[in-house]
Amino acid sequence: MNKPSSFFIDHPPSKSPMPKKTLWLNILFTTAILAVATLLAYLFFYLGKNTTSVAIIYILAVVFISRYTAGYIPGIISSFIGVICVNYIFTYPFMKFNFTIDGYPVTFTGMIIIASIISTMTSHLKLQSRIIHEREKLLMEAEKETMRANLLRAISHDLRTPLTGIIGTSSAYLENQETLSEKEKTAFVQNIYEDSNWLLNMVENLLTITRIRASNTALHKTSELLEEVVAEAVQRLRKRLPHADIQVHIPEDFILIPMDAMLIEQVLINLMENAYYHGNANQPIILNIFPRNHQIYFEILDFGEGIPEEKLPFIFDGNPSTPNQSGDSRKGMGIGLTICRTIILAHKGEIHAENHEHGAKLSFCLPLREDEEHDA
């Protein structure tokens, strides 16, 4: 049921006095609807000489009044007024009350019962709709709180490990710089450089997710050439990870996709970087891209130990993961995957994680056209 206009305020039945503003709104709205119903009934009656149509019009008026006023009383009162109008205006002798017509008491009673039942049911449905809406709102708030808590845990985890590494490495360098060889000094500086880049990437991710979640407006999407977006993402990743071996399989067709190019590049970089740190360094990262069912699919495969089955359903929730045993112990999956999900959902796409025979596969899809977003 659609939410009523903000002009009319729903209030649950209670023993507390109704606010004067709400009371006057009820009176004005009830009067207006009954006046319109009487005018329509008058036209129907004198054009078609059909008393049944008159009764239906007043019953519909009761439904509208019950739906868009606060409480039960307006609907019940309008039921009695409707029955009285039928008797007084549209029953012979006109403009006089006559309850002695054969069968009329039964009709009178039946109309009151029907109108009262409809009024009560409509009021109940309105109250139930409001309760359901409030429950959904509470559930959404609870989900947001859970996501926020997971994100904070991930941030604390991902910030602590590289910061600890930077502090430890720089401290060891300062304390032992006179005895360290040039090769050892270079290794220390290289570790600090890698951890600093990791932190910079994390800050970029945090700024991205904050911008998306704080903005109530749609993403600024333009039609981008698929090949150029992928090439830019791979080039940026290779600047950050010069030793990364990436094999890209992309369609030869000229494909344009509506997207925010910078955000999709960030998703690709995050997923490929995740595959690099959690995969087998002796195996390349595979990026497969192909169209299917009016969507474009991206698959990133690594050849590591895969993702523990118990973590697959929660891999995009921002929970810090246990680093792989053979990889860099400073790097967890952290908030990167949470950012990826936020960006893909903002594009009306889908993102998934699963294992293949020799490692993990992270994939996402985007609509090929703007009008496909609603079907994604």
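Every value quoted in this text rests on a predicted model; they were computed, and no experiment measured them.

## Things to note about the packing of helix 7 (residues 261–278) against helix 8 (residues 336–346)
For the pair helix 7 and helix 8, the least separation of the axes is 9 Å and the interaxial angle reads 145°. Note on packing geometry: the crossing formed by helix 7 with helix 8 is left-handed. Across the interface between the two elements, Leu 263, Ile 264, Gln 266, Val 267, Asn 270 and Leu 271 from helix 7 touch Gly 336, Leu 337, Ile 339, Cys 340, Ile 343 and Ile 344 from helix 8. Split by residue class, the contact of helix 7 with helix 8 holds nine nonpolar, three polar and no charged.

## Some points on the side chain of Glu 265
By the secondary structure assignment, Glu 265 is in helix 7. By relative accessible area, Glu 265 is classed as buried at 10%. A distance of 3.1 Å separates a polar atom in the side chain of Glu 265 from a polar atom in the side chain of Arg 236. Ignoring sequence-local partners within four residues, the contact set of Glu 265 consists of Val 229, Glu 232, Ala 233 and Arg 236.

## A short note on helix 8
Within helix 8, nine of the eleven residues are buried, which leaves it mostly tucked inside the rest of the structure. Of all the residues in helix 8, the buried ones are Gly 336, Leu 337, Thr 338, Ile 339, Cys 340, Arg 341, Thr 342, Ile 343 and Ile 344. Directly after helix 8, the chain includes Lys 348, whose backbone phi takes a positive value near 65°.

## Some remarks on unusual backbone geometry
One non-glycine residue, Asn 293, lies in the positive phi region at around 50°. On the secondary structure map, Asn 293 appears in the loop between strand 4 (285–292) and strand 5 (295–301). Asn 293 sits in the exposed class, given a relative accessible area of 61%. A positive phi angle is found at Lys 348, which is not glycine, with a value near 65°. Looking at the element boundaries, Lys 348 is found in the loop between helix 8 and strand 6 (350–356).

## Some points on the packing of helix 6 (residues 226–240) against helix 7
Angle between the axes and distance between the axes: these two values describe a pair of packed helices. In contact at an axis separation of 9 Å, helix 6 and helix 7 are set at 50° when each is read in the N-to-C sense. Between helix 6 and helix 7, the interaxial angle falls into the category oblique. Our pair here, helix 6 against helix 7, has a crossing hand that is right-handed. Residues Val 229, Val 230, Glu 232, Ala 233, Val 234, Arg 236, Leu 237 and Arg 240 of helix 6 form the contact with helix 7, whose participating residues are Ala 261, Ile 264, Glu 265, Leu 268, Ile 269, Met 272 and Glu 273. Residue classes in the contact of helix 6 with helix 7 are distributed as ten nonpolar, no polar and five charged.

## Side note on the pattern of salt bridges
Summed over the entire model, instances satisfying the criterion amount to four salt bridges. Glu 134 is the partner of Arg 130 in a salt bridge, and the nearest nitrogen-oxygen pair spans 2.7 Å. Here the residue Arg 130 and the residue Glu 134 both occupy positions in helix 4 (residues 104–176), the gap between them amounting to four residues, near one helical turn. A relative accessible area of 19% places Arg 130 in the buried class. Two residues, Arg 236 and Glu 265, come together in a salt bridge whose shortest N-O distance is 3.1 Å. Taken as a pair, Arg 236 in helix 6 and Glu 265 in helix 7 lie far apart in primary sequence, 29 residues in all. Each of Glu 299, Glu 354 and Lys 361 takes part in one network of salt bridges that share partners.

## Details of the environment of Pro 251
Note that Pro 251 resides in the loop between strand 2 (246–249) and strand 3 (256–259). As for Pro 251 and Glu 227, which are separated by 24 residues in sequence, their C-alpha atoms are 8.6 Å apart. Apart from residues lying up to four places away in sequence, Pro 251 is in contact with Leu 226, Ile 289, Phe 290 and Pro 291.

## What to know about the nonpolar core
Counting residues in each nonpolar core, the largest one holds 48 residues, and the members touching the most others are Leu 268, Met 272, Phe 298, Ile 300, Phe 364 and Leu 366. Counting residues per element, this core draws most heavily on helix 7, which supplies ten residues. Beyond its immediate sequence surroundings of up to four residues, Ile 300 is in contact with Leu 268, Leu 271, Met 272, Ala 275, Ile 285, Ile 286, Leu 287, Ala 360, Lys 361, Leu 362 and Phe 364. Counting residues in hydrophobic clusters, the runner-up holds 15 residues, among them Ile 33, Ala 37, Val 54 and Ile 89.

## Things to note about the sheet that holds strand 5
The strand order 2-4-5-7-6 describes an open sheet built from five strands, whose pairing is mixed. Every interior strand has two partners, whereas the edge strands, strand 2 and strand 6, have only one. Pairs of neighbouring strands in the sheet enclose a mean axial angle of 15°, with direction left out of account. Bridge count between strand 2 and strand 4: four bridges; the pairing is parallel. From the neighbouring strand, Val 248 faces strand 4, where its bridge partner is Leu 287.

## Some points on the packing of aromatic side chains
Here the structure, examined in full by the defined rule, presents four aromatic pairs. With 5.6 Å between their ring centres and 5° between their planes, Phe 290 and Tyr 297 make a pair best called stacked. A residue is classified by how much of its surface remains accessible, and Phe 290, at 22% relative accessible area, is partly exposed. When the centroid spacing of 4.5 Å and the interplanar angle of 10° are considered together, the rings of Phe 298 and Phe 364 count as stacked. With Phe 298 in strand 5 and Phe 364 in strand 7 (residues 359–367), the pair connects residues that are 66 residues apart, well separated along the chain. As far as the burial class goes, Phe 298 and Phe 364 line up, both buried. For Arg 292, the ring lying beneath its charged end belongs to Tyr 297, and the centroid distance is 5.1 Å.

What counts and how
Each residue is numbered by its place in its chain's sequence as written, counting from 1. Under the rules for a predicted model, residues below a pLDDT of 70 receive no local features and side-chain atom pairs below 80 are neither given nor counted, while totals for whole chains, interfaces and linings still include all residues. Excluding hydrogens and water, the side-chain figures rest on all heavy atoms present in the structure. Where helices are involved, their axes are fitted lines through C-alpha atoms of the stretch in contact, as for all axes, and angles between N-to-C directions lie from 0 to 180°. Each helix is a run of H or I in the DSSP string that is no shorter than four residues. Each strand is a run of E no shorter than two, and both are numbered from the N terminus. Left-handed describes a crossing whose near helix is turned anticlockwise from the far helix by less than a right angle; the clockwise case is right-handed. Any two residues whose heavy atoms approach within 4.5 Å at even a single point are treated as in contact. Under the convention adopted here, Pro, Cys and the residues Ala, Val, Leu, Ile, Met, Phe, Trp and Tyr are nonpolar, Asp, Glu, Lys and Arg are charged, and Gly plus all remaining residues are polar. Residue exposure (1.4 Å probe, protein chains only): buried if accessible area is under 20% of the type maximum, exposed if over 50%, otherwise partly exposed. In protein, a polar contact requires one atom able to donate a hydrogen and another able to accept it; more generally it is a pair of N or O atoms within 3.5 Å, and residues adjacent in sequence count only if both atoms are side-chain atoms. Under this scheme an angle from 65 to 115 degrees is roughly perpendicular, one under 35 degrees roughly parallel, and one over 145 degrees roughly antiparallel; angles in between are oblique. Salt bridges are defined as contacts in which a side-chain nitrogen from Lys or Arg sits within 4 Å of a carboxyl oxygen from Asp or Glu. Take the buried residues of types Ala, Val, Leu, Ile, Met, Phe, Trp, Tyr and Cys, join any two whose side-chain atoms come within 4.5 Å, and each joined set is a nonpolar core. Paired strands are those between which DSSP finds at least two bridges. Put simply, two rings from Phe, Tyr or Trp (the six-membered ring, in Trp's case) pair if the centres are within 6.5 Å, and we call them stacked under 30 degrees between planes, edge-to-face over 60, tilted for the rest. Each ring is checked for a lysine NZ or an arginine CZ that lies within 6 Å of its centre and within 35 degrees of its normal; such an atom marks a charge sitting over the ring.

These figures come from the coordinates and say nothing about function on their own.
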